[in-house]
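If you want the building blocks of each chain, they are given just below.
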Amino acid sequence: SDRPACRSSRRKSETHTPFFSSSGFRFSSDLNDTLADRSLGEIRGAVAYGNGENIPQEGTLFYEGIHAVETLYMALGPDCQSVRCVNTPDSVSAIGVWPGDRLGVLYDVRNGRTPHEITVFGRKKVQVVNFDAHHGYNSLTEAIVRFFQTGVAPVKPEQTLQIIAFLEAAGRSEHLNGAPVAIE
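The following paragraphs examine the structure supplied in this document.

About the cut-offs
- Residues numbered from 1 in each chain as written.
- Predicted model: local features only at pLDDT ≥ 70, side-chain atom pairs only at ≥ 80, totals over all residues.
- Heavy atoms only, no water.
- Helix = DSSP H or I, 4+ residues; strand = E, 2+ residues; numbered from the N terminus.
- Expected span 1.5 Å × (residues − 1).
- Buried < 20%, exposed > 50% of the residue type's maximum accessible area, 1.4 Å probe, protein only.
- Pairing = 2+ DSSP bridges.
- Axes fitted to C-alpha atoms, helices over the stretch in contact; angles between N-to-C directions.
- Parallel < 35°, antiparallel > 145°, perpendicular 65-115°, else oblique.
- Left-handed = near helix turned anticlockwise from the far one by under 90°.
- Contact = heavy atoms within 4.5 Å.

Overview of helix H5 (residues 157–175)
Since the α-helix turns once every 3.6 residues, residues separated by three or four places project in the same direction.
So, point 1. Spanning 19 residues, H5 covers 27 Å between terminal C-alpha atoms, matching the ideal 27 Å at 1.5 Å per step.
So, point 2. Within the span of H5, buried status applies to Thr-160, Leu-161, Ile-163, Ile-164, Ala-165, Phe-166, Leu-167, Glu-168, Ala-169, Ala-170 and Ser-173.

Thoughts on the pairing of strand E1 (residues 43–51)
So, point 1. Sheet analysis places E1 next to strand E5 (residues 117–122), joined by six bridges and oriented antiparallel. Each bridged residue has a counterpart across the sheet, and for Tyr-49 the counterpart in E5 is Glu-117.
So, point 2. Relative to strand E4 (residues 102–109), E1 runs parallel, the two sharing seven bridges. Within the sheet, the bridge partner assigned to Ala-48 lies in E4 and is Leu-106.

Some thoughts on the packing of helix H3 (residues 65–76) against H5
So, point 1. Following both chains from N to C, one finds H3 and H5 inclined at 125 degrees, their axes separated by 10 Å at the closest point. Here H3 is positioned oblique relative to H5, judged by the angle of their axes. Pair H3 / H5 crosses with right-handed handedness. Taken together, the residues of H5 that come into contact with H3 (itself represented by Ile-66, Val-69, Glu-70 and Tyr-73) are Gln-162, Ile-163, Phe-166 and Leu-167.

Here is the structure:
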């Protein structure tokens, strides 16, 4: 692909330059413990939400929404197939379809105080993880230090590129009045 993130990734690969990008939420012990909990059963879907801010030059979801999208990818795995996005003055919602007809929903609320959370729907039970108290930034900082010490990225570039592709497709969907957009 000729998308900027793909070009950058290719260049880093050609020059053997390790890199990664990540939300601190990826390193939240509460999220990782929840996703490792076998009593959930197979994960069938997830809803991630929090505060958002519309910064047009950044793309609707790139500023705050990226945290919620990263948690959706943590819960549902790679290969989201399509996304549709609706944006209003007070909120933005993006719905991704993952393999197995599983849905991941991002709900970004503006103009208010909404906790950053993800609700994970397992076959056997539902679990809510709140990131306001345990946002994972200490663990992210430790991962960054290990990265600089070892040169080994804690997040694969492919994962980062998939998250960016989700955000870009959501932006295209928004401009198409919420029509579904395939993720490339």
